[in-house]
Amino acid sequence: MDFINNIFTNSYEWIVYWIHSLLAGLNLAKDFENALVAAIMVFLVIIVILLWMVLMVLILIWLERKNAARIQDRVGPNRVGPWGLLQPVADTLKMFIKEDIVPENADRFVHTIAPMIVMMPAVLMFAVIPWGKGMFPVDLNIGILWIVAVASIGTIGVFLGGYGSNNKYSLLGGMRAVAQMVSYEIPQVLTIVPIVLMVGSMSLVKINEAQSGWAGMQWFVFAIPVGPIAFVIYYLSALAEVGRTPFDLPEGESEIVAGYMTEYSGMKWALFYLAEYFNFFIVCTIAATLFLGGWNGPILPGYVWFIGKVYALVLLGMWIRMTWPRFRVDQLMNFAWKVLVPIALVNIVLAGLALPLLKYFGFSV
Amino acid sequence: MSTPIALTYVGFFVMAAVALAGGFIAVGARNILRAAIGLILALVGVAGIYFVLEAEFVAVVQILIYVGAISILILFAVMLTRGLMKRDLPAQNAQWIAAVFISLLLFAALLYVAISTNWRAVETKVAGDLIPKIGTELMTTYLLPFEAVSLLLLAALVGAIVIARE
């Protein structure tokens, strides 16, 4: 059992050992060798993370299409591979051979860098997620703050995409997107405060360890009354921030064509599309880490629990997307500023008051 | 020089180069929106320098506030005040001579401070998790400045709401 639990951490150790033994013949200075091995390992971890991300997104796209089909009483993709599993691969190949069209009056430079900037935060955020016990690329002691800070970079990319296309629908979509992302960031950050209050640390690894009581079932979502409220607000505002359907005004196709993505095609469009799914996946992983105990759980290995929780949240998001109509723009803003923010603020006060009680039940260290 | 320290130097110069390049774009770009992008690049470079200096909290706050909030504010201001759909968004107006003068004055003042200050180097790294320490300091030693800043921000917030209501 231990072997299965630690299979990834052990293979990391084994690769480090192997590289050291490969370099042993070169007689390098000790600290130079250590730095070199560390650099190689960082590089390897980055490659593994990127491949992992792409794999997750391919699964996510397939899952979304299948789910949408099931909810709308259709069959969905079923031609390429068994159960249509290879459909995302075929789509990717298609995206690669599409022409890259830049509108004549577009700001070419801005138009090109916008999808790259949108992609960046998703990749950076994957760096601090603990995927299992001891399975984290970096343990920053400011983990959550890092995620909040990096997520705000994506907003710039969306705005530049809207501006750089030189199209009125793009610009409208970009403005809507920025207003929405900035608004929903606030309740999202406010719901993290009670968690930090309980754990006394911003490191995601520490937050996970704090939820390991009760045989791995002491998740913060059970920390009544603070936890459930924070979880629901976090999840809703996260869905809004990544622009999933009840909140997809920035690209509402019945009003403004495709919003900030209107003038994009080929791989640039694919980057926007990928970033959307990355962000959706990442907010689910963060919600699982903060509120659902991360890799904590009885019997099964940690990484299985973690992926299971993440996919439960992903499926919930898809279910919401398929069954709810789109908000109106004023409703959207009212919902953020007049419903979510006040509740989140009250929740922080509640967390402060309930801290002794939560401490009694072992939620706080 | 040991390898980790050498790597620190490399990181510092790379990040300093990024910050300087961003600064040059911010000053030199003819299109005001590109100047704003240059400014964002410069701010990211400064955050990178903080990271190299192992001041992670300051670095992340730099990204959160300057890259995530201030630059969005600048982009919004550009968007709301200029004819954004026109091809050229000039980065200058009639007051550029005064602007050059004030900038030089500011540069001279900063240079004077940077040269005349006796910079103290901390020999050993402060041990442990720094965030609780920062929090405790804010709530004890620096309580008054902290509250004063909060009040100022609250006033700005109320003012913004009042203006938006009109």
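In what follows, the structure referred to is the one given above.
Residues numbered from 1 in each chain as written. Chains lettered and ligands numbered in written order. Predicted model: local features only at pLDDT ≥ 70, side-chain atom pairs only at ≥ 80, totals over all residues.

Asker: Just checking my understanding: could you explain the overall build of chain A for this structure?
Answerer: Within chain A, the regular secondary structure consists of 15 helices and zero strands. At 22 Å, chain A has a C-alpha radius of gyration in line with the 21 Å of a compact globule built from 365 residues. Overall, the C-alpha framework of chain A stretches about 60 × 55 × 40 Å when taken along its three principal axes. Taking all 365 residues of chain A together, the buried fraction comes to 45%. A separation threshold of at least 6 residues defines the contact pool for chain A, and within that pool the share at least 24 residues apart is 77%. (Helix = DSSP H or I, 4+ residues; strand = E, 2+ residues; numbered from the N terminus. Rg over C-alpha atoms; globule rule 2.2 N^0.38 Å. Buried ≥ 20, exposed ≤ 12 C-beta atoms within 10 Å, placed from the backbone. Contact = placed C-beta atoms within 7 Å.)

Asker: What is the right way to look at the overall build of chain B in this model?
Answerer: When its secondary structure is counted, chain B shows six helices and zero strands. Listed by position from the N terminus, the elements making up chain B come as α-α-α-α-α-α. Looking at chain B as a whole, 16% of its 166 residues are labelled buried. Nonlocal contacts in chain B, meaning residues at least 24 apart in sequence, comprise 56% of its contacts between residues at least 6 apart.

Asker: It is not clear to me how the interface of chain B and chain A should be interpreted in this structure. Could you clarify?
Answerer: Contacts between the two partners involve 23 residues from chain B and, on the opposite side, 27 residues from chain A. Breaking the side of chain B that touches chain A down by element, the ones donating at least two residues are α1 (3–28), α2 (32–52), α3 (56–81) and α5 (130–139) of chain B. Per element, the largest residue contribution to the side of chain B that touches chain A is eleven residues, and it comes from α3(B). Class assignment for the residues of the side of chain B that touches chain A results in 16 nonpolar, four polar and three charged. (Nonpolar A, V, L, I, M, F, W, Y, C, P; charged D, E, K, R; others polar.)

Asker: Any chance you could explain the nonpolar core here in plain terms?
Answerer: General note: in soluble globular proteins, nonpolar side chains tend to be found buried as a group. Residues and elements named next belong to chain A. If you look at the biggest cluster of nonpolar residues, it comprises 119 residues, and the most contacted ones within it are Phe 281 and Ala 287. A total of 15 residues in this core trace back to one element, the largest contributor, which is helix α13 (residues 266–290). The contacts of Ala 287, once residues within four sequence positions are left out, are Phe 231, Tyr 234, Tyr 235, Ala 238, Leu 292 and Leu 313. (Core = buried A, V, L, I, M, F, W, Y, C linked by C-beta atoms within 7 Å.)

Asker: Where do I start with helix α8 (residues 168–199) of chain A in this structure?
Answerer: Counting along an α-helix, one turn takes 3.6 residues, and residues three or four places apart therefore face a common direction. The terminal C-alpha atoms of α8(A), which comprises 32 residues, lie 47 Å apart, in line with the 46 Å expected from a rise of 1.5 Å per residue. Within α8(A), 23 of the 32 residues are buried, which leaves the element mostly enclosed by the surrounding structure. (Expected span 1.5 Å × (residues − 1).)

Asker: Which parts of the structure should I look at to understand the packing of α13(A) against helix α14 (residues 302–323) of chain A?
Answerer: Residue and element names in this part refer to chain A. Viewed as axis vectors pointing N to C, α13 and α14 meet at an angle of 125 degrees, and their least axial separation amounts to 9 Å. Between α13 and α14, the angle is such that the two are oblique. Crossing angle aside, the handedness with which α13 passes α14 is right-handed. Seen from α13, the contacting residues are Phe 280, Phe 281, Cys 284, Thr 285, Ala 287 and Ala 288; seen from α14, they are Phe 306, Lys 309, Val 310, Leu 313, Val 314 and Gly 317. (Axes fitted to C-alpha atoms, helices over the stretch in contact; angles between N-to-C directions. Parallel < 35°, antiparallel > 145°, perpendicular 65-115°, else oblique. Left-handed = near helix turned anticlockwise from the far one by under 90°.)

Asker: Looking at this model, I keep getting lost on the packing of helix α11 (residues 226–241) of chain A against helix α15 (residues 329–360) of chain A. Mind explaining?
Answerer: Residues and elements named next belong to chain A. At a minimum axis distance of 10 Å, the contact between α11 and α15 shows a crossing angle of 150 degrees. The angle between α11 and α15 falls in the class roughly antiparallel. The crossing of α11 and α15 is left-handed. Between α11 and α15, the contacting residues are Val 226, Ile 229, Ala 230, Ile 233, Leu 236 and Ser 237 on the first element and Leu 340, Ile 343, Ala 344, Asn 347, Leu 350, Ala 351 and Ala 354 on the second. Class assignment for the residues of the contact of α11 with α15 results in eleven nonpolar, two polar and no charged.

Asker: Any chance you could explain unusual backbone geometry here in plain terms?
Answerer: Residue and element names in this part refer to chain A. Of note in the backbone geometry, Asp 73 takes a positive phi value of approximately 60 degrees without being a glycine. Turning to its location among the elements, Asp 73 is positioned in the loop between α3 (30–71) and α4 (87–97). For Asp 73, a count of 6 C-beta atoms within 10 Å corresponds to the exposed category.

Asker: Whenever I open this one, the environment of Val60(B) confuses me. Can you help?
Answerer: Inspection of the secondary structure puts Val60(B) in helix α3. The contact partners of Val60(B), leaving out residues within four places of it in the chain, are Ile142(A), Leu145(A), Trp146(A) and Ala149(A).

Asker: Sorry, what's going on with α14(A) here?
Answerer: Residues and elements named next belong to chain A. For α14, spanning 22 residues, the distance from its first C-alpha to its last is 32 Å, which sits close to the expected 32 Å at 1.5 Å a residue. Buried within α14 we find Gly 302, Trp 305, Phe 306, Lys 309, Val 310, Leu 313, Val 314, Gly 317 and Met 318. Contacts made by the buried residues of α14 are with α1 (2–5), α3, α11 and α13.

Asker: Any chance you could explain the environment of Asp100(A) here in plain terms?
Answerer: Its location among the elements puts Asp100(A) in the loop between α4 and α5 (108–125). A sequence separation of 220 residues divides Asp100(A) from Ile320(A), and the C-alpha atoms of the two residues are 33 Å apart.

Nothing here speaks to function; it is geometry throughout.
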